[in-house]
Amino acid sequence: MNKATPPLVHIETFGCQMNESDSELVRSLLKREGYGFTDDRERADVMLMNTCAIRENAHNKVYGHLGELHAIKKERPLVVGVLGCMAQSLKDELTKKVPLIDVLAGPDAYRQLPMLISNALQAQEQGFSKKAFALDLSEYETYEGVMPDREDGINAWITVMRGCDNFCSFCVVPYTRGRERSRDPQGVLAEARQAAALGYKQITLLGQNVNSYRSDDWDFARLISAVADTPGIERVRFTSPHPKDFPRPLLEAIAGHPKICKHIHLPLQAGSDRILDLMGRSYTADEYRRLVDQIRQVVPEIVLTSDIICGFCTETDADYDQTYRLVEQVRFHSAYVFAYSERKNTIAARKYPDDVAEEVKSIRVQRLVDLQREIGAARNREYIGRNVSVLVERDATRSPEQWMGRTDGNITVIWDKGTDALQPGMFTTRLITGASTAALFGE
Ligand code: 5AD
Ligand code: SF4
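This structure is a prediction, so every number in the text was calculated from the model and none was measured. (Residues numbered from 1 in each chain as written. Chains lettered and ligands numbered in written order. Predicted model: local features only at pLDDT ≥ 70, side-chain atom pairs only at ≥ 80, totals over all residues. Heavy atoms only, no water.)

Some points on the overall build of the chain
- Per the secondary structure count, the chain includes 14 helices and 21 strands.
- Over its C-alpha trace the chain gives a radius of gyration of 23 Å, about what one expects of a compact globule, namely 22 Å for 443 residues.
- Expressed along its principal axes, the backbone C-alpha trace of the chain runs to roughly 65 × 55 × 45 Å.
- Per-residue burial over the chain gives 55% buried out of 443 residues.
- Of all intrachain contacts in the chain linking residues separated by at least 6 positions in sequence, the fraction that spans at least 24 positions is 74%. (Helix = DSSP H or I, 4+ residues; strand = E, 2+ residues; numbered from the N terminus. Rg over C-alpha atoms; globule rule 2.2 N^0.38 Å. Buried < 20%, exposed > 50% of the residue type's maximum accessible area, 1.4 Å probe, protein only. Contact = heavy atoms within 4.5 Å.)

Quick word on the domain arrangement of the chain
- Domains assigned within the chain are domain 1 (8-134), domain 2 (150-261), domain 3 (267-382) and domain 4 (387-442).
- A C-alpha centroid distance of 26 Å is found between domain 2 and domain 4.
- On the domain 4 side, the residues contacting the nine residues of domain 2 number 13 residues.
- Both sides together, the interface formed by domain 2 and domain 4 hides about 760 Å², and carbon and sulfur atoms give 56% of it.
- Three residues stand out in domain 2 for area buried against domain 4, namely Ile-154, Arg-235 and Arg-237, and they jointly supply 67% of the buried area on that side.
- Counting every contact that joins domain 2 to domain 4 gives zero salt bridges. (Domains from an automatic or database assignment. Buried area = accessible area lost by both parts, 1.4 Å probe. Salt bridge = Lys/Arg side-chain N within 4 Å of Asp/Glu carboxyl O.)

Topic: the packing of aromatic side chains
- Scanning all chains against the criterion turns up ten aromatic pairs.
- Judged by centre distance (6.4 Å) and plane angle (80°), the ring pair of Phe-170 and Phe-312 falls under edge-to-face. Of this pair, Phe-170 sits in the loop between strand E8 (161-162) and helix H6 (173-177) while Phe-312 sits in the loop between strand E15 (303-310) and helix H12 (317-330), and the two are 142 residues apart along the sequence. With respect to burial, Phe-170 and Phe-312 carry one shared label: buried. (Phe/Tyr/Trp six-rings, centres within 6.5 Å; stacked < 30°, edge-to-face > 60°.)

As for the sheet that holds strand E3 (residues 46-51)
- Ordered by their spatial adjacency, six strands build an open sheet running E2-E1-E3-E4-E5-E6, and the pairing between neighbours is parallel. This sheet does not close on itself; its edge strands, each paired only once, are strand E2 (36-37) and strand E6 (132-134).
- Pairing of strand E4 (residues 79-83) with strand E5 (residues 103-105), which is carried by three bridges, proceeds in the parallel orientation. Residue pairing across strands places Gly-81 opposite Val-103, the latter belonging to E5.
- Packing of helix H5 (residues 113-125) onto the sheet brings it into contact with E3, E4, E5 and E6, and relative to E5 it is tilted by some 170°. (Pairing = 2+ DSSP bridges. Axes fitted to C-alpha atoms, helices over the stretch in contact; angles between N-to-C directions.)

This is the structure we're talking about:
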């Protein structure tokens with residue numbers, strides 16, 4: 001490679017935080033080999049898309065972007081790479097439908113990327129196109145030793161485990177990201193110390209089933225407590241956990257460590273036992289309810305959020321009503337509500353009919369979104385008149401005259417900057433004077 005003018009790479013990331021974190025690994029792996037980076041698509045020699053396959057609309061977004069790259073590639077030389085879950089699961093469809101793709105690399109194959117891209121660039125210089133695919137899933141790859149090239153800000157992602165062994169019947173993740181494997185705790189702790197040294201104030205531990213983390217005699221409770229002890233780190237969060245792995249010691253660690261945030265994202269998915277069983281979620285509605293009670297008993301100030309799927313195979317009005325009632329009872333702080341989207345090769349796609357009409361799915365989603373909005377707004381109003389501790393993150397999206405930060409429980413707070421000498425990464429106490437579904441407003 002010509003080091004004087006290194007090829008410039010542009011990465012676009014779709015989907016979950018795990019993909020954000022993977023894109024940081026990809027940047028690190030490419031920088032090591034001398035590649036440069038640009039945010040400006042016009043200047044890029046290589047465009048990479050780190051993709052998501054979780055629902056059909058995630059696919060559609062990527063196809064939309066690929067259409068735009070097609071127009072650019074007609075005008076000038078460009079290497080196009082598709083990474084992540086869609087690359088892994090849709091190789092045939094992508095290569096047939098989208099001839100402009102030069103490189104496909106799945107989530108466990110990023111160490112091969114520098115070589116694949118370099119080959120594609122060379123081939124392009126010589127006037128031909130050479131497609132290269134790296135799609136082997138690994139039982140071991142955890143990218144140990146690759147220090148992520150992080151985004152600026154207050155938060156550092158640290159991936160502590162990869163893959164999923166649960167095979168929930170609706171979910172494509174076990175097929176796109178392979179089997180569960182946990183990192184060595186010392187590698188995680190070294191990364192935490194490095195993040196602190198670089199000035200990050202918050203660490204978010206990531207994994208498809210983050211609380212299933214296990215490495216010899218280290219479980220997730222031990223790991224998160226040790227990360228939270230890192231000098232300089234003020235807050236530790238984690239996502240996404242599975243309800244099956246919340247032993248009491250983990251709840252006690254969350255309750256007892258002042259730096260572990262009092263927020264748990266606890267995907268419910270459905271409130272009918274019949275549907276939960278078809279989904280392969282390994283808990284009943286009642287077990288979920290009891291877990292919520294136990295969490296609230298051990299960690300009274302906890303903020304709970306969730307994921308819910310409407311219109312899963314064979315879901316009747318009566319099944320849906322049970323979900324609706326459970327959401328009324330549990331009163332999450334917020335929840336993502338999705339319409340079921342059949343994914344190829346999953347257990348549900350093979351065994352059950354996708355028989356709830358799309359309009360019915362939409363109506364069910366909308367009713368739950370409306371309910372959750374009301375509950376979320378009421379929960380937020382409970383903060384009015386209270387002083388809350390907020391970690392300053394950045395300018396508010398709507399106005400550079402306002403700050404945006406978050407409470408320990410991950411609730412967004414917005415307030416006017418005034419004459420305060422605050423900076424991102426600092427703590428401040430704000431009196432809450434207003435609330436909407438999405439945010440608290442402070443003085
Ligand atoms: N259809 C709809 N929602 C899905 N999710 C996962 N797979 C599907 C699917 N096939 C949702 C689940 C999960 C979240 C990340 O995405 O609620 O918790
Ligand atoms: Fe998908 Fe279930 Fe694994 Fe979550 S736990 S990634 S929903 S299979």
